[in-house]
Amino acid sequence: MNKRYFITFEGGEGAGKTSLIESIQKYLLDKDLKFISTREPGGTSFGEHIRNLLLQEKKGMKMSSKAELCLFLASRAQHIKEVIKPALDENKIVLSDRYNDSSVAYQGHARGLGIDAVIKFSSYIIEDAIPDLTLYLDIDPKIGLSRVQTKYDRIESETIEFHQKIREGFHILAEKFPQRIKIIDAQKSKKDVFDSSINYIAKLIS
Ligand code: T5A
């Protein structure tokens with residue numbers, strides 16, 4: 001019988017999360033397992049509005065780091081209530097392209113709000129909606145950014161030092177939560193990234 005599993009995918013810009021999730025979807029379909037695939041920010045109608053606010057460059061619009069964090073968390077609160085929890089309650093596997101670790105790495109570490117402060121603040125929002133497994137796609141930000149095909153959004157346009165801090169933040173998180181967060185070398189081929197990831201997923205769902 002299908003069991004509920006919550007799996008999240010994290011990484012810097014252009015790490016390959018979307019491509020990896022597409023391959024994992026095919027794997028789960030072949031196994032006849034029930035799943036949903038979703039993303040953050042977004043995943044709900046309300047969340048997609050917030051996504052636009054967060055990612056679009058608007059001339060003259062300023063956004064403080066705390067305001068930015070609150071918007072990501074608002075999107076997440078709705079996402080958990082409307083999408084993640086109902087799917088888990090139906091014993092589905094939930095695949096989420098980004099989740100709370102992004103807030104900790106981006107807003108907590110790179111923006112400087114503090115890793116522990118963001119973990120504490122976000123725990124009120126996520127409650128028990130904690131992933132069973134997080135695959136962190138690790139990549140040199142210069143390589144990741146060079147893979148981005150579209151015009152850089154508000155966050156992608158940040159400095160390379162900012163993107164290096166994000167990577168550092170994810171490494172701190174992986175050390176803090178080694179049982180949950182697994183590091184995948186995202187500079188390898190798509191096939192290698194898939195093979196390493198599927199090892200962890202197969203172990204989890206077997
Ligand atoms: N954010 C998000 C926060 O600051 N705080 C938060 O709490 C949350 C939730 C989201 C932004 O918001 C920030 C993080 C982000 O800045 P987004 O559009 O969702 O914005 O950004 P990304 O998640 O980074 O999406 P991208 O599309 O840029 O990256 P992906 O999904 O990691 O990469 P993907 O699969 O689209 O691949 C990019 C390109 O690389 C190729 C693909 O074919 C594609 O062309 N590729 C590879 N090439 C070579 N080798 C491989 N192994 C490859 N894998 C993929």
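These numbers come from a predicted model, not from an experiment.

A.B. asks: Explanation requested: the pairing of strand β4 (residues 133-138) in the structure shown.
C.D. replies: Along a regular strand, successive side chains alternate from one face of the sheet to the other. Of all six residues in β4, six are buried, a share of seventy percent or more. The alternating pattern of β4 places L133, L135 and L137 and T134, Y136 and D138 on opposite faces, both of which are buried. Pairing between β4 and strand β5 (residues 181-185): five bridges, direction parallel. From the neighbouring strand, L137 faces β5, where its bridge partner is I184.

A.B. asks: How should the nonpolar core be read in this particular structure?
C.D. replies: Here is a general trend for soluble globular proteins: nonpolar side chains tend to be buried in one another's company. If you look at the biggest cluster of nonpolar residues, it comprises 22 residues, and the most contacted ones within it are F9, I24, L28, I93, L95, L137 and I201. Counting residues per element, the ones that place at least two in this core are β1 (5-11), α1 (17-30), β3 (93-97), β4 and α8 (190-205). Residue contributions to this core peak at five residues, all from α1. Every residue in contact with I201, bar those within four places of it in the chain, is listed here: I7, I24, L133 and L135. Listed in part, the 20 residues of the second largest apolar core include L73, I115, Y136 and F170.

A.B. asks: What is the right way to read the packing of aromatic side chains from this model?
C.D. replies: Note on aromatic pairs: each is described by the distance of the centres and the angle between the planes. As enumerated under the stated definition, the model contains four aromatic pairs in all. Ring geometry for Y27 against F194: centres 6.4 Å apart, planes inclined by 70°, an arrangement best described as edge-to-face. Remark: F194 occurs in helix α8 and Y27 occurs in helix α1; sequence separation between them is 167 residues. Classification of Y27 as buried rests on a relative accessible area of 19%. Here the aromatic residues Y106, Y136 and F170 are joined through ring pairs into a cluster of three or more. Across the ring face of Y99, the terminal group of R76 is positioned such that the distance to the ring centre comes to 5.4 Å.

A.B. asks: Would you explain the pairing of β1 in this entry?
C.D. replies: Counting buried positions along β1 gives seven out of seven residues, so the element sits mostly inside the fold. Residues Y5, I7, F9 and G11 point to one face of β1 and F6, T8 and E10 to the other, with burial holding for every one of them. Note that β1 and β3 share five bridges and pair parallel. Its bridge partner being in β3, I7 is matched across the sheet by L95.

A.B. asks: Sorry if this is basic, but what is going on with helix α5 (residues 115-126) here?
C.D. replies: Residues spaced three or four apart along an α-helix point in a common direction, a consequence of the helix completing one turn every 3.6 residues. The end-to-end C-alpha separation of α5 is 16 Å, in line with the 16 Å expected for twelve residues at 1.5 Å each. All of the buried residues in α5 are I115, V118, S122 and I126. Around the axis of α5, the buried residues are gathered within 65° of arc, so they sit on the same side. Among the exposed residues of α5, those pointing more than 90 degrees away from its buried face are D116, K120 and Y124. The inward-facing, buried residues of α5 abut α3 (65-89), α4 (100-110) and α7 (160-176). Following α5 by one or two positions, E127 has its phi on the positive side, about 45°.

A.B. asks: For this particular structure, what's the right way to read the sheet that holds strand β2 (residues 35-39)?
C.D. replies: Sheet strands pair by backbone hydrogen bonding; their relative direction is either parallel or antiparallel. Reading across from one edge, β2-β3-β1-β4-β5 is the order of the five strands in this open sheet, with parallel pairing throughout. Each edge of the sheet is formed by a strand with only one pairing partner; in this case those strands are β2 and β5. Averaged over all neighbouring strand pairs, the angle between strand axes comes to 20°, with direction disregarded. Direction of pairing for β2 relative to β3: parallel, over a ladder of five bridges. The residue bridging S37 from the neighbouring strand is L95, located in β3. Helix-sheet contacts for α7 involve β1, β4 and β5, and the interaxial angle to β4 is about 145°.

Rules behind the numbers
Residues numbered from 1 in each chain as written. Predicted model: local features only at pLDDT ≥ 70, side-chain atom pairs only at ≥ 80, totals over all residues. Heavy atoms only, no water. Buried < 20%, exposed > 50% of the residue type's maximum accessible area, 1.4 Å probe, protein only. Helix = DSSP H or I, 4+ residues; strand = E, 2+ residues; numbered from the N terminus. Pairing = 2+ DSSP bridges. Core = buried A, V, L, I, M, F, W, Y, C linked by side-chain atoms within 4.5 Å. Contact = heavy atoms within 4.5 Å. Phe/Tyr/Trp six-rings, centres within 6.5 Å; stacked < 30°, edge-to-face > 60°. Lys NZ or Arg CZ within 6 Å of the ring centre and 35° of its normal. Expected span 1.5 Å × (residues − 1). Arc of directions from axis to C-beta. Axes fitted to C-alpha atoms, helices over the stretch in contact; angles between N-to-C directions.

These results come straight from atomic positions and should not be treated as a statement about function.
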